[in-house]
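Reading the structure
Each chain is listed here by its residues.
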Amino acid sequence: MASPYDERIEELLEEYRRQRQEAGELQQRLREISATGTAPRQTVKVTVGAQGELTGVEFPTGAYRRMAPAELTEAILSAARSAREEALAQAGELMAARLPAEIPAVEFLQGTADLTALLPEQPSMPEAVRAYVEQGRPPE
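Scope of this entry: the structure provided in the associated data block. (Residues numbered from 1 in each chain as written. Predicted model: local features only at pLDDT ≥ 70, side-chain atom pairs only at ≥ 80, totals over all residues. Heavy atoms only, no water.)

Let us look at the side chain of Thr43. Considering the arrangement of structural elements, one finds Thr43 in the loop between strand 1 (34–38) and strand 2 (45–49). From its side chain, Thr43 meets the backbone oxygen of Pro40 in a polar contact 3.4 Å long. The contact partners of Thr43, leaving out residues within four places of it in the chain, are Glu58, Phe59, Pro60, Thr61, Ala63, Met67 and Ala75. (Helix = DSSP H or I, 4+ residues; strand = E, 2+ residues; numbered from the N terminus. Polar contact = N/O pair within 3.5 Å; in protein donor to acceptor, adjacent residues only side chain to side chain. Contact = heavy atoms within 4.5 Å.)

This next bit is on the side chain of Thr47. Along the polypeptide, Thr47 turns up in strand 2. Under the relative-accessibility criterion, Thr47 is labelled buried at 14%. Looking at Thr47, its side chain comes within polar contact range of the side chain of Thr36, at 2.9 Å. Ignoring any residue separated from it by four or fewer positions in sequence, one finds Thr47 in contact with Ser34, Ala35, Thr36, Glu53, Leu54, Thr55 and Gly56. (Buried < 20%, exposed > 50% of the residue type's maximum accessible area, 1.4 Å probe, protein only.)

Okay, the sheet that holds strand 1 next. Strand order across the open sheet formed by three strands is 1-2-3, with antiparallel pairing between neighbours. Pairing within the sheet leaves two strands with one partner each, and these edge strands are strand 1 and strand 3 (54–58). For this sheet, the mean angle separating the axes of adjacent strands, direction not counted, is 15 degrees. Relative to strand 3, strand 2 runs antiparallel, the two being bridged by four bridges. Looking at the pairing, Thr47 lines up with Gly56 of strand 3. Against the sheet, helix 2 (residues 69–96) contacts strand 1, strand 2 and strand 3, and its axis sits at roughly 145 degrees relative to strand 1. (Pairing = 2+ DSSP bridges. Axes fitted to C-alpha atoms, helices over the stretch in contact; angles between N-to-C directions.)

Moving on to the packing of aromatic side chains. Two numbers describe a pair of aromatic rings. These are the distance of the centres and the angle of the planes. Tallied over the full model, the rule gives one aromatic pair. Ring geometry for Phe59 and Tyr64: centres 4.6 Å apart, planes at 40 degrees, overall tilted. (Phe/Tyr/Trp six-rings, centres within 6.5 Å; stacked < 30°, edge-to-face > 60°.)

Set out below in structure tokens:
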């Protein structure tokens, strides 16, 4: 017969397995993100992956042939920005439930979130432990 201690260990192991499986599924869903942005007048369509990497460029009409190089460049960049924002929003939706409320998912994904805000300047600990750390000996 299993003791309560053994049962608790098994529960913790099961929770770990579940979290690990969920992490793998999340990673797969993040890899599958794809978003398409379209420039004004449908001149260019750009598709990007989760990290904003270009995965496709299309010219749905022949309008690009009549565009000046600078205009075509801006159309491509505009479509790419739009697609990247959409991909980031999709990734943010996936991550939002897995992050603390204080950390906006999009800021986390962009690397602009203040992660130090999650932890206090000084760790919380019992006074006896703090005294030992500061003085090198147990309190009297």
